[in-house]
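Here is how the chains run, residue by residue.
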Amino acid sequence: MTTNARHTGVRTPAKEARYEEELARGLLAADENAFAAVYRRWGSLVHTMATRSLGDTFEAEDVTQQVFLGAWRGRNGYRPEKGPLGGWLVGITRRKIVDALAARTRRLTLIDTVTHDADGRRHEVGATTDGVLDRVLLVDALSRLPHGQREVLCLGFYQDLTQAQIAERTGMPLGTVKSHTRRGLHRLREAVEQGRAEESTA
């Protein structure tokens, strides 16, 4: 591999294509220097795509890391004859963005589920403030759950796994997964109710 060499001057389309082919060969050969060059070459593009789609810099940074981690781990799945490396990375990026949007939806669903049960009626006035408060309370409460309950809920809502899949992934009996889910949601509802009550008192 010669990916350590500096490419100077203006690259013609032909030189650019050869350089990208070189990077692709290096990636397939598990060359870490080539992978670093791949990141430098396409990292900005991936981050820009993620930022435009998600509207959140922190989420975009997370997606960018996931894209390149996925590219490294799944490098054997890249087929040069099917298209250039950049196009392959763009495809991974689009899938990771879709995953991030789905995870965001699941987080909001969790919030809605918990807060709906904790408070049957929502007022339009101050709804935005209440929503922010609920999210803060929920994240804090989730972090305080026993490990088993937290793991089950995170796998269910963030990775969209069914209870049977969670049982298979964790090695827990299915009954335990269901119990952790039920008890975890109950604790989250209680935490949101308590947090609202404390906020009202303050």
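Each remark here, short or long, concerns the structure printed above.
Counting restarts for each chain: residues are numbered from 1 in the order of the written sequence. Only residues with pLDDT of 70 or above have their local features reported here, since the model is predicted, and side-chain atom pairs are shown and tallied only from 80 upward, although totals for entire chains, interfaces and linings are computed over all residues. Hydrogens and water molecules were not included; the side-chain quantities draw on all heavy atoms of the structure.

Visitor: I would appreciate a short explanation of the side chain of T181 in the present structure.
Guide: Mapped onto the fold, T181 is located in helix α8 (residues 174–201). Partly exposed residues are those whose accessible area sits between 20% and 50% of the maximum for their type, while under 20% is buried and over 50% is exposed, using a 1.4 Å probe and protein chains only. Its relative accessible area of 16% is what places T181 among the buried residues. N or O atoms closer than or at 3.5 Å make up a polar contact, with two conditions inside protein: a donor-capable atom paired with an acceptor-capable one, and, for residues adjacent in sequence, both atoms drawn from side chains. At 2.9 Å, the side chain of T181 and the backbone oxygen of V177 are in polar contact. A contact between two residues is defined here by any heavy atoms of the two lying within 4.5 Å. Residues in contact with T181, not counting those within four places in the same chain, are V152, L153 and Q163. Only DSSP runs of H or I with at least four residues qualify as helices, and only runs of E with at least two residues qualify as strands; both kinds are numbered from the N terminus onward.

Visitor: What is the right way to look at the packing of helix α2 (residues 32–54) against helix α3 (residues 57–73) in this model?
Guide: Helix axes are fitted only over the stretch in contact, all axes being lines through C-alpha atoms; the angle between N-to-C directions runs from 0 to 180 degrees. Taken N-terminus to C-terminus, the directions of α2 and α3 make an angle of 145°; their axes are 8 Å apart at the nearest point. Crossing handedness for the pair α2 and α3: right-handed. Between α2, through E32, F35, V38, Y39, W42, G43, V46, H47, A50, T51 and L54, and α3, the contact on the second element is made entirely by T57, E59, A60, E61, V63, T64, V67, F68 and W72. Taken together, the residues that form the contact of α2 with α3 break down as twelve nonpolar, five polar and three charged. Crossing chirality is assigned from the near helix's rotation relative to the far helix, an anticlockwise turn below a right angle marking it left-handed and a clockwise turn marking it right-handed. Under the scheme applied, nonpolar residues are Ala, Val, Leu, Ile, Met, Phe, Trp, Tyr, Cys and Pro; charged residues are Asp, Glu, Lys and Arg; polar residues are all the others, including Gly.

Visitor: Looking at this structure, I do not really get the packing of aromatic side chains. What am I missing?
Guide: Each Phe, Tyr or Trp ring (for Trp, its six-membered ring) is paired with any other whose centre lies within 6.5 Å, and the angle between the two planes then decides the class: stacked below 30 degrees, edge-to-face above 60, tilted in between. In this structure the tally under the stated criterion is three aromatic pairs. Considering the side-chain rings of Y39 and F68, the 4.8 Å spacing of their centres and the 65° angle between planes classify their relative orientation as edge-to-face. Pair noted here: Y39 is in helix α2 and F68 is in helix α3, with a separation of 29 residues, a long-range link. Ring centres of Y78 and W88 lie 5.2 Å apart, and the angle between their planes is 45°; this geometry places the pair in the tilted category. Within this pair, whereas Y78 is found in the loop between α3 and α4 (85–118), its partner W88 is found in helix α4, the two being separated by ten residues in sequence. Of the two residues examined, Y78 and W88, each falls in the buried class.

Visitor: I'm lost on α2 in this one. Help?
Guide: Residues separated by three or four positions in an α-helix point in the same direction, a consequence of the helix having 3.6 residues per turn. Within α2, the axis deviates most sharply at W42, by approximately 50°. Those residues of α2 that fall on the buried side of the exposure criterion are A34, A37, V38, W42, G43, V46, M49, A50 and L54. With a side-chain oxygen positioned 2.8 Å from the backbone nitrogen of N33, the residue opening α2 is D31. Given a residue, its bend is the angle between the two axes fitted to the seven residues that end at it and to the seven that start from it.

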